[in-house]
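# Architecture and fold: a report
Here is how the chains run, residue by residue.
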Amino acid sequence: MGLSRVPTRGRLRRLRALAASVIAAGLLATAAPANAGRPGATHSGSTPSGVPGAAAAAAPGDDWLHTEGNRIVDANGDEVWLTGTNWFGFNATERVFHGLWSGNITGITRSMADRGINIVRVPVSTQLLLEWRDGRATVPHVNTHANPELAGKTSLEIFDFWLALCKQYGIKVMLDVHSAEADNSGHVYPVWWKGAITPEQSHTAWEWVAARYRQDDTLVAVDVKNEPHGRANETPRAKWDGSADQDNFKYACETAGRRILAVNPHLLVLCEGIEVYPKAGVGWTSTTPADYHSTWWGGNLRGVRDHPVDLGAHSDQLVYSPHDYGPLVHAQPWFTGDWNRTTLERDVWDPNWLYLHKENRSPLLIGEWGGFLDGGPNQKWMTALRDLVVEHRIHQTFWCLNPNSGDTGGLLLGDWKSWDEQKYALLKPALWQHGGRFVSLDHEVPLGGAGSTTGVSLREVYGDGGPGDPADTTAPTAPAGLTGTGRTPTTVSLSWTAATDNVRVTGYDVYRGTTRVNAAPVTGTAYTDTGLAPATAYSYTVRARDAAGNVSAPSAALSVTTEASGGPPGTVKVRYRNNDASTTDNAIRPGLQVVNTGSSALDLGTVSVRYYFTRDGGSPAVSAWCDHAAVGCAQVRLRVVPLATPVTGADAYLEVTFASGSLAAGRDTGDIQLRMSKTDWSAFDEADDHSRSAPTAYTDAPAIPAYTGTALAWGAPPA
């Protein structure tokens with residue numbers, strides 16, 4: 001569905017579409033009729049231009065999306081927010097949505113729209129797409145008493161019927177190849193080919209999808225392959241580099257994306273990450289796990305920094321799509337001890353994928369996240385990621401709608417009708433809302449369909465004009481609480497309290513004097529200004545902006561002086577004293593001091609210190625104690641964190657943080673005496689530990705890094 005106006009930047013995009021339609025017609029002309037899957041079947045929609053196998057033609061619309069920096073926008077340049085869920089089943093042996101054995105497809109779809117789901121990610125298999133293409137769609141098992149509207153329909157006809165329901169209710173759709181073969185556990189296989197399914201067939205299946213639905217802007221996105229993965233010593237496994245190797249997922253996603261966009265240049269193409277990525281100086285030939293950074297399947301996008309996906313003339317259709325899960329799915333090492341959102345952002349999200357958003361390189365859509373609400377660590381993780389999504393307006397599809405997802409549960413309960421209200425309440429703030437109503441990605445149809453009391457259309461949000469809502473003339477409030485959180489000889493780090501707006505704050509501009517220093521709007525409430533001169537005073541203000549282009553008054557000015565050159569970076573340094581001469585007993589006893597090297601008070605609640613060591617056999621579990629602290633042991637928090645992959649001199653670190661407190665400029669915390677032992681009291685061998693040194697008097701310790709917030713402010717971790 002869409003508007004009749006021609007967008008300002010639409011001419012080039014429409015020329016691309018014209019060329020693509022010629023390619024698409026050729027692809028469809030060679031396809032078998034869509035209704036060939038069962039005798040006597042007829043396709044419910046008309047066939048455009050008499051081409052066999054095409055879906056019912058939709059009127060040309062303006063609901064297609066593309067990217068600008070880290071934003072997804074419509075054809076008019078208005079920013080949109082994709083917030084949805086996953087509904088699986090077409091990927092499995094059943095070859096149809098799960099739940100239709102009791103739930104009604106129309107009721108389930110309507111309830112998603114009424115509750116704010118504006119996009120649904122639908123897992124499928126390459127095998128199923130090829131069956132559809134070749135006219136071999138079968139009639140799946142569906143409870144036709146609960147779903148009389150689906151009686152006698154093939155799996156493809158059911159999908160097309162559901163696509164029409166989504167159009168009616170204002171929902172958009174993303175297809176995801178979850179596995180090569182139709183298999184309930186197909187996602188476990190690490191790559192995009194398997195058995196009779198070749199890499200080339202995975203590309204041709206996507207071309208068929210692009211051609212069949214090229215005139216229907218209900219299907220707006222494709223996720224090339226779910227969760228490519230595999231470790232260094234496993235075969236096959238997915239890698240990410242600049243080669244044309246078969247197992248290079250960067251090349252596979254790039255190839256698929258270019259071929260898809262040659263047919264329909266309007267589709268968003270999503271590329272997920274992989275599982276491991278080699279550390280600096282290591283190649284993919286290494287079979288040593290410690291040589292790699294490891295994270296969730298599909299969650300490792302470190303390789304994009306050196307090897308970005310290149311979609312050529314259609315690069316503004318690219319979206320990167322990591323997955324992230326909590327400790328109930330797997331007890332990853334970063335869930336050890338007193339972890340929180342700050343540690344997750346710094347240690348996991350930033351280095352693996354969040355940098356792409358923060359550096360304005362690309363939009364992100366977290367394709368899978370979710371789990372059980374346990375009242376404990378899993379819920380803590382889910383809340384932290386939800387808050388990150390909301391703060392940065394990161395696109396997301398929650399895993400999942402299905403209550404039969406074994407390790408996460410779903411938004412629906414077992415009757416496939418009732419909603420898990422507690423889980424939905426957690427998700428709801430991460431669903432796009434405007435004026436208390438949910439926002440559709442359709443310009444004409446409100447979310448929930450005609451007459452909806454819970455949803456609005458894009459036209460109702462942005463009006464009929466250009467970018468922004470011309471009816472909105474109210475500027476956001478001025479940001480407050482501008483403070484300096486760190487400085488070096490060449491950088492200043494800032495943070496502030498979020499502004500408010502009658503509709504929504506879309507970003508912030510940071511000014512050094514009268515010069516705006518951010519190239520793109522800052523979507524969070526922190527920014528680091530770089531390229532500064534040492535020992536120089538700078539004045540900063542921050543302004544907020546909204547979607548209509550209204551800009552707030554400036555914040556109160558803040559003056560910050562950079563560090564003199566030659567000194568340690570940041571406003572923090574760590575001193576160390578060795579309290580135990582033995583390197584082979586059953587305890588590690590470091591003495592630490594945290595020093596404020598800045599010119600203003602330091603909030604100890606933002607500081608974390610890491611002491612790196614090896615556990616050296618015996619029990620891998622290590623306990624830590626504060627034996628004495630001048631600031632009080634009650635103020636000192638300790639956790640031992642195993643490294644996902646060991647490095648030279650460390651397979652774990654002791655993280656030291658502070659419950660609260662302020663440290664005046666030039667002052668230190670005084671003595672902090674710590675102790676660690678393994679739970680089986682076996683001996684350590686500290687001789688090669690990264691952070692250990694010999695001095696028995698306090699000396700500067702760059703081998704014990706310190707952070708302020710998520711920024712490294714002192715020293716260096718082991719490589």
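Basis of the calculations
Residues numbered from 1 in each chain as written. Predicted model: local features only at pLDDT ≥ 70, side-chain atom pairs only at ≥ 80, totals over all residues. Heavy atoms only, no water. Helix = DSSP H or I, 4+ residues; strand = E, 2+ residues; numbered from the N terminus. Buried < 20%, exposed > 50% of the residue type's maximum accessible area, 1.4 Å probe, protein only. Contact = heavy atoms within 4.5 Å. Areas by Shrake-Rupley, 256 points an atom, 1.4 Å probe, with all protein chains shown as cover. Phe/Tyr/Trp six-rings, centres within 6.5 Å; stacked < 30°, edge-to-face > 60°. Lys NZ or Arg CZ within 6 Å of the ring centre and 35° of its normal. Salt bridge = Lys/Arg side-chain N within 4 Å of Asp/Glu carboxyl O. 1 Å grid on protein atoms, 1.4 Å probe; cavity = no way out; pocket = protein on both sides within 12 Å on 5 of 7 lines; lining within 4 Å. Points joined across faces, edges and corners; volume = space filled by probe spheres on them. Nonpolar A, V, L, I, M, F, W, Y, C, P; charged D, E, K, R; others polar. Axes fitted to C-alpha atoms, helices over the stretch in contact; angles between N-to-C directions. Parallel < 35°, antiparallel > 145°, perpendicular 65-115°, else oblique. Left-handed = near helix turned anticlockwise from the far one by under 90°. pLDDT = per-residue confidence, 0-100. Disulfide = S-S within 2.5 Å. Expected span 1.5 Å × (residues − 1). Pairing = 2+ DSSP bridges.

Bringing the overall build of the protein into the picture now. Each helix and strand in the protein was counted, giving 10 helices and 35 strands. Across the 719 residues of the protein, 56% fall into the buried class. Intrachain contacts of the protein at a sequence separation of at least 6 include 73% that bridge at least 24 residues. Working note: accessible area of the protein is about 25,900 Å², and carbon and sulfur atoms make up 53% of it.

Scanning the entire structure with this criterion turns up 28 aromatic pairs. Centroid distance Trp-284 to Tyr-292: 5.6 Å. Interplanar angle 50°. Geometry classified as tilted. For Trp-284, a relative accessible area of 13% corresponds to the buried category. Overall, Tyr-292 belongs to the buried group, its relative accessible area being 1%. Each ring, one from Trp-349 and one from Trp-353, has its centre 6.2 Å from the other, and the planes form 35°; the classification is tilted. Placement of the pair is Trp-349 and Trp-353 together in helix H7 (residues 341-358), with a separation of four residues, close to one helical turn. By relative accessible area, Trp-349 is classed as buried at 0%. Put simply, the rings of Trp-87, Phe-90, Phe-97, Trp-132, Phe-159, Trp-162 and Tyr-213 touch in pairs and so form one group of aromatic residues. Across from the ring centre of Tyr-424, 4.8 Å away, lies the NZ or CZ of Arg-115, which sits over that ring. One Lys or Arg, Lys-678, reaches over the ring of Phe-684 and ends 4.8 Å from the middle of that ring.

So, about the environment of Pro-289. Within the secondary structure, Pro-289 is located in the loop between strand S9 (276-278) and strand S10 (292-294). C-alpha of Pro-289 to C-alpha of Pro-646: the two residues are 357 residues apart in sequence and 8.3 Å apart in space. Here Pro-289 is in contact with Asn-233 and Thr-645, once residues within four sequence places are set aside.

Scanning the entire structure with this criterion turns up 49 salt bridges. Asp-442 is paired through a salt bridge with Lys-172; the nearest N and O atoms lie 3.4 Å apart. Here Asp-442, found in the loop between strand S15 (437-439) and strand S16 (455-456), pairs with Lys-172, found in strand S6 (residues 172-179); they are 270 residues apart in sequence, far enough to count as distant. Across the pair, Lys-172 and Asp-442 agree in class, each one buried. Taking the shortest distance from any N to any O, the salt bridge between Lys-358 and Glu-345 comes out at 2.7 Å. Judged by its relative accessible area of 10%, Glu-345 is buried. Through salt bridges that share partners, Arg-121, Asp-176, Asp-223, Glu-272 and Glu-368 make up one connected network.

Computed from the structure, the second largest pocket encloses a volume of approximately 730 Å³. As for the second largest pocket, its lining consists of 30 residues, of which His-187, Glu-227, Trp-297, Val-329 and Asp-407 are closest to the centre. A class-by-class count of the residues in the lining of the second largest pocket yields 10 nonpolar, 15 polar and five charged.

The next point concerns the packing of H7 against helix H8 (residues 377-392). Across the interface, H7 lies against H8 with an axial gap of 12 Å and an inter-helix angle of 40°. One finds that H7 runs oblique with respect to H8. Viewed along their axes, H7 and H8 form a crossing whose handedness is right-handed. Counting all contacts with H7, which are made through Arg-341, Leu-344, Glu-345, Trp-349, Trp-353, Leu-354, His-357 and Lys-358, the residues of H8 involved are Trp-381, Ala-384, Leu-385, Asp-387, Leu-388, Glu-391 and His-392.

With 89% of its residues at a pLDDT of at least 70, the protein reaches an overall mean of 88. Considering only residues more than four positions removed or in separate chains, one finds that residues 1-19, a stretch of pLDDT under 50, has 47 contacts. Within the model, the stretch residues 465-470 combines pLDDT values under 50 with 13 contacts to residues more than four positions away or in other chains.

Let us look at the state of the cysteines. All told, the structure shown has two disulfides when counted by the stated rule. Across the disulfide, Cys-253 is cross-linked to Cys-271 (sulfur-sulfur distance 1.9 Å). An S-S torsion of about -100° defines the bridge between Cys-253 and Cys-271 as left-handed. Of the two residues, Cys-253 is situated in helix H6 (residues 249-263) and Cys-271 in strand S8 (residues 268-271); the sequence distance between them amounts to 18 residues. Overall, the relative accessible area of 0% leaves Cys-271 in the buried class. Put simply, Cys-626 and Cys-633 are joined by a disulfide, and their sulfur atoms are 2.1 Å apart. What sets the handedness of the Cys-626 and Cys-633 disulfide is the S-S torsion sign, and at about -70° it is left-handed. Cys-626 sits in the buried class, given a relative accessible area of 19%. Judged by its relative accessible area of 29%, Cys-633 falls in the partly exposed class. Sequence-ordered numbering of the disulfide-bonded cysteines in the protein gives the connectivity 1-2, 3-4.

In this section: helix H4 (residues 155-169). If you check H4, its first and last C-alpha atoms are 21 Å apart, about what 15 residues at 1.5 Å a residue would give, namely 21 Å. Burial runs high along H4: 11 of the 15 residues are buried. Where H4 is buried, its residues contact helix H2 (105-114), strand S5 (119-125), helix H3 (126-133), S6 and helix H5 (199-212). Note on H4: the residue one or two positions beyond its end, Gly-170, has a positive phi of about 80°.

It is worth spelling out the side chain of Asn-402 at this point. Locating Asn-402 in the fold gives a position in the loop between strand S13 (395-398) and helix H9 (421-427). Its relative accessible area of 0% is what places Asn-402 among the buried residues. Among all residues touching Asn-402, those that are not within four sequence positions of it are Asn-86, Trp-87, Phe-88, His-98, Gly-409, Gly-410 and Trp-416.

Spatially, S14-S15-S16 is the arrangement adopted by the three strands of the open sheet, whose pairing is mixed. Strand pairing shows two members of the sheet lacking a second neighbour, strand S14 (433-434) and S16, which therefore form its edges. Inspection of the sheet shows S14 paired to S15 by two bridges, in the antiparallel sense. Bridge assignment links His-434 to a residue of S15, and that residue is Arg-437.

So, on to the sheet that holds strand S3 (residues 79-80). With antiparallel pairing, the three strands of this open sheet are ordered in space as S1-S2-S3. Edge positions in the sheet fall to strand S1 (65-68) and S3, since each of these pairs with one other strand and no more.

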